[in-house]
Amino acid sequence: MIPFIQTTLDGLMVGSSYGLLALGFALIFGVMRRLNLSYGPSIMIGAYLGTLLYIKFGPPTYVVAIVAVAGSVMAGIYVERLCFAPLGVGAGVASMVSSFAIWMQLEQASLLMLPRHSYPFPSLTGGELWSLGPFVVRPDYLIMLAAMLAMSAALTLLLYRTRFGLGLRAIVENSLAASLSGIDVERTMLKAFALASAIGGVAGFLVLSANQQVTAMLGMWATLKGLIAMMIGGLGSIPGAIVGGLALGVIEAHSQNLFGPQVRDLAAYAVLFVLLVLRPGGILGTTAVRRGMGQRGGDRWTTT
Amino acid sequence: MDDHLIGIVSNIGVISFVALSAYLLLLTGEISFGQQAFFAIGAYTSGIVTAMWQLPFALGLGAGAATGAAAALLVGLPTLRLHGLQFAIATLAFAEAVRILFELFRYQIVRDGELVGPNGIEGFRNIRYIFENDVSATEFMLIIYGLLGATLFGLFLLERSRLGTAFRMIGEDDLLAATQGVAVVPVKLTAACLAGTIAGLGGGLYAHLTTYVEPAIFDVMLGVHSLAYGLIGGLGTAFGPLLGVVIDIGLLESTRWFAGYRMIVFGGLVAVLLIVRPRGLLDEQLVHRIRRAVRRRPRPSPANDTVLGKELS
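Residues numbered from 1 in each chain as written. Chains lettered and ligands numbered in written order. Predicted model: local features only at pLDDT ≥ 70, side-chain atom pairs only at ≥ 80, totals over all residues. Heavy atoms only, no water.

## Remarks on the overall build of chain A
- When helices and strands are tallied, chain A shows eleven helices and four strands.
- Since a compact globule built from 304 residues should have a radius of gyration of about 19 Å, the 19 Å found for chain A is in line with a globular shape.
- Over its C-alpha atoms, taken along the principal directions, chain A stretches across nearly 55 × 45 × 35 Å.
- Expressed as a percentage of the 304 residues in chain A, the buried residues total 56%.
- Sequence separation of 24 or more characterises 75% of the internal contacts of chain A that already satisfy a separation of 6 or more. (Helix = DSSP H or I, 4+ residues; strand = E, 2+ residues; numbered from the N terminus. Rg over C-alpha atoms; globule rule 2.2 N^0.38 Å. Buried < 20%, exposed > 50% of the residue type's maximum accessible area, 1.4 Å probe, protein only. Contact = heavy atoms within 4.5 Å.)

Structure (structure tokens):
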């Protein structure tokens, strides 16, 4: 029983990083109804800028964290200006492909900055282990879990208790009506995008400091894990992102424990596939999503 | 033509099959991140048929196309009720699962004292049919382009048929198409099967062109690229995806103009292009205009214009 609980705990810990990534994804998708494939590579730009600084000058860790978050916010704003703002309503596929093209661009820019496959990254805790009774946990991941919970609470407050959040929810409901009610749709979307990139930047920093290294796979990894966690949990919902992230972590930990690393990814994809077929809205989604999301009031993100 | 050029041109031809496969689904309004899976299935199947069972090449290609279609049917049945992002992610999950299954797939036999066949993550080496049967690189290139031409001709006929019209109707608005009497799910399933066939056929050609396939080739990157080709080249005609492939592989990958900055240039170009032309270079309007110019039909007289206001050109 103890090994089982330990594996579940490990899964929850890793899952908190997926949850954090999914949180930023859910915010962008929830507001724009568009898929931003450049989400991971934006995080990568921030992380690589932080790493570059760390290798060259060895500044204190909080400076690296600030640079990483600022870098991914900058990259996120660049993506929004180039791929999302100029393409009007109804060009969802073009936005997605455009964000993919920028993915290639950001990744190459990162590799020009730091060409090797992996680099060291400063750790927050020194990578020690804590034992709680019979169980072992890593404080790095406890920080991540705490950050995920704190950030989702803050995001919920922001969405439901502030004017900015009200505007954002109005846009989600119907962007045309929102703009007629005097909400500056473009500015609000840009802010939401920057906020999502900042959440991604924090997630990236925490994951890298737990791993104590940064690799060239970061962009792809962040996009895929965030996307899968969001889809498992429920499209564009904050509790969904958390549940999806944690569920993905637990599924991966158990299947790796039972069958090895290749089957770990296979199991994650198989669960995702079956879940989408049986319950397209995700664990916490409603079945109302089934008939084309956004056919009521929103813009269809596919087609024309 | 020298060998290098033949290699590039053949490569463009083979990748065009995946791009066409993604394009066909885009016509029905669905985004698939998973066409590379059918490409992989076709490649492995035809490799097994020619290199392991030593059957003729045509049979290998046929088997590749058939398994591609069968796999597309199996995946299409549960997923085509989904929409938009959910469909895209379901196909992504399927394709990645297929890639990992090929990493675990081992099936080898001894042939001429050597082990032949898929060997998990190491891949499938020595699919040497075209060398063993003295098919030259130029001849193989002609085979590729012959099949590509046939596929394009088929798509050309398709787009003029009722079925092709139904594809585009569903792509515009599936609810409206349904009210006009289009059976949405069966038509989409047909599109998915055709797309699977094209990808499977391309996979068979790919395996024989490179003589070697490994699971890592068929990752998400290939899928998203093939989707992007259609959007860069244009969604108005089947030549659009081809143009996309030529621009990417022909112009940028092969000529080493920008060396380390290729992706920075290419990524920026594509993003700017999509701002100017969100439906690609050869979009529906341009294709329509070209068709009208080619037919030399007299422009509608002003009297006709007044019915619905000015005609859009």
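## Side note on the overall build of chain B
- Each helix and strand counted, chain B has 14 helices and two strands in total.
- Oriented by its inertia axes, the alpha-carbon framework of chain B measures out at about 80 × 45 × 35 Å.
- When each of the 313 residues of chain B is scored for burial, the buried share is 54%.
- Of the side-chain charges in chain B, 22 are positive and 23 negative, and the distance between the mean point of each set is 11 Å. (Lys, Arg positive; Asp, Glu negative; His and termini not counted. Charge placed at Lys NZ, Arg CZ, Asp CG, Glu CD.)

## Some details on the interface of chain A and chain B
- Facing 49 residues of chain A, the contacting portion of chain B comprises 51 residues.
- Counting the surface lost from both chain A and chain B, the interface buries some 4,300 Å², and carbon and sulfur atoms represent 76% of this.
- The largest share of the area that chain A buries against chain B comes from Gln262(A), Tyr269(A) and Phe273(A), three residues that together contribute 13% of it.
- Our enumeration of links across chain A and chain B arrives at zero salt bridges.
- Applying the counting criterion to the chain A and chain B interface returns three residue pairs in polar contact (both at pLDDT 80 or more).
- Among the elements of the structure, α4 (92-113), α9 (218-233) and α11 (261-278) of chain A are those that each provide at least two residues to the side of chain A that touches chain B.
- Ranked by residues supplied to the side of chain A that touches chain B, first place goes to α4(A) with 14 residues.
- Of the residues assigned to the side of chain A that touches chain B, the class counts are 35 nonpolar, ten polar and four charged. (Buried area = accessible area lost by both parts, 1.4 Å probe. Salt bridge = Lys/Arg side-chain N within 4 Å of Asp/Glu carboxyl O. Polar contact = N/O pair within 3.5 Å; in protein donor to acceptor, adjacent residues only side chain to side chain. Nonpolar A, V, L, I, M, F, W, Y, C, P; charged D, E, K, R; others polar.)

## Points about unusual backbone geometry
- Positioned with a positive phi, Gln212(A) is a non-glycine residue whose angle comes to about 60 degrees.
- Summarising the element assignment, Gln212(A) is placed in the loop between α8 (185-211) and β4 (213-215).

## Structural notes on α9(A)
- For α9(A), with 16 residues, the first-to-last C-alpha span of 22 Å sits near the 22 Å given by 1.5 Å per residue.
- Directly beyond the C-terminal end of α9(A), a positive phi value near 140 degrees is found at Gly234(A). (Expected span 1.5 Å × (residues − 1).)

## Digging into the nonpolar core
- Judged by nonpolar contacts, the single largest core of 191 residues is most densely connected at Met230(A), Leu20(B), Phe33(B), Ile89(B), Phe124(B) and Val213(B).
- If one sorts the elements of this core by residue count, helix α1 (residues 3-27) of chain B sits on top with 14 residues.
- Beyond its immediate sequence surroundings of up to four residues, Phe33(B) is in contact with Leu35(A), Met96(A), Ala88(B), Ile89(B), Thr91(B), Leu92(B), Ala95(B), Gly223(B), Val224(B) and Leu227(B). (Core = buried A, V, L, I, M, F, W, Y, C linked by side-chain atoms within 4.5 Å.)

## What to know about the packing of aromatic side chains
All names here are of chain B.
- Considering all chains together, one arrives at 17 aromatic pairs over all chains under this definition.
- Aromatic side chains Phe57 and Phe140 sit 5.9 Å apart centroid to centroid with 50 degrees between the ring planes, which places their arrangement in the tilted category. Linking Phe57 in helix α3 (residues 57-79) with Phe140 in helix α6 (residues 137-160), this pair joins segments that are 83 residues apart in sequence.
- Note on Phe57: relative accessible area 11%, which makes it buried.
- Exposure remark for Phe140: the relative accessible area of 1% places this residue in the buried category.
- Through a chain of ring-to-ring contacts, the aromatic side chains of Tyr44, Phe102, Phe105, Tyr107 and Phe124 assemble into a single cluster. (Phe/Tyr/Trp six-rings, centres within 6.5 Å; stacked < 30°, edge-to-face > 60°.)

## Some remarks on a nonpolar patch on the surface
- A surface patch of nonpolar side chains, amounting to about 380 Å² of accessible area, comprises Trp53(B), Leu55(B), Leu59(B) and Tyr107(B).
- Note on placement: Tyr107(B) falls in the loop between α4 (84-104) and β1 (109-111). (Patch = residues over 30% accessible without salt bridge, like charges linked within 9 Å, V, L, I, M, F, W, Y side chains within 5 Å. Areas by Shrake-Rupley, 256 points an atom, 1.4 Å probe, with all protein chains shown as cover.)

## So, the environment of Val64(A)
Residue and element names in this part refer to chain A.
- With respect to the secondary-structure elements, Val64 resides in helix α3 (residues 61-84).
- Separated by 45 residues in sequence, Val64 and Gly19 place their C-alpha atoms 22 Å apart.
- The residues touching Val64, leaving out its near neighbours within four places in the chain, are Gly50, Tyr54, Pro59, Phe121, Pro122 and Phe205.

## Some points on the pattern of salt bridges
- The full count for this structure, using the stated rule, is 14 salt bridges over all chains.
- Between Arg264(A) and Asp265(A) there is a salt bridge whose closest N-O contact spans 3.3 Å.
- A residue is classified by how much of its surface remains accessible, and Arg264(A), at 25% relative accessible area, is partly exposed.
- As a salt-bridge pair, Arg111(B) and Glu132(B) come within 3.2 Å of each other at their nearest N and O atoms. One end of the pair, Arg111(B), is in strand β1; the other, Glu132(B), is in helix α5 (residues 129-132), with 21 residues separating them in the sequence.
- Taking the relative accessible area as the measure of exposure, Arg111(B) reaches 14% and is therefore buried.

## Focus on the confidence of the model for chain B
- Of the residues in chain B, 92% reach a pLDDT of 70 or more, and the chain-wide mean stands at 88.
- Across the interfaces of the predicted complex, the ipTM metric reaches 0.87, alongside a pTM of 0.88. (pLDDT = per-residue confidence, 0-100.)

## With respect to the side chain of Thr237(B)
- Here Thr237(B) is to be found in the loop between α10 (220-233) and α11 (239-254).
- Sequence-distant contacts of Thr237(B), that is, excluding residues within four places in its chain, are made with Tyr23(B), Arg168(B), Leu282(B) and Val287(B).

## Details of the environment of Val243(A)
Residue and element names in this part refer to chain A.
- Structurally, Val243 is set in helix α10 (residues 238-259).
- For Val243, a relative accessible area of 31% translates into the label partly exposed.
- Setting aside anything within four residues of it in sequence, one finds Val243 in contact with Ile283 and Leu284.

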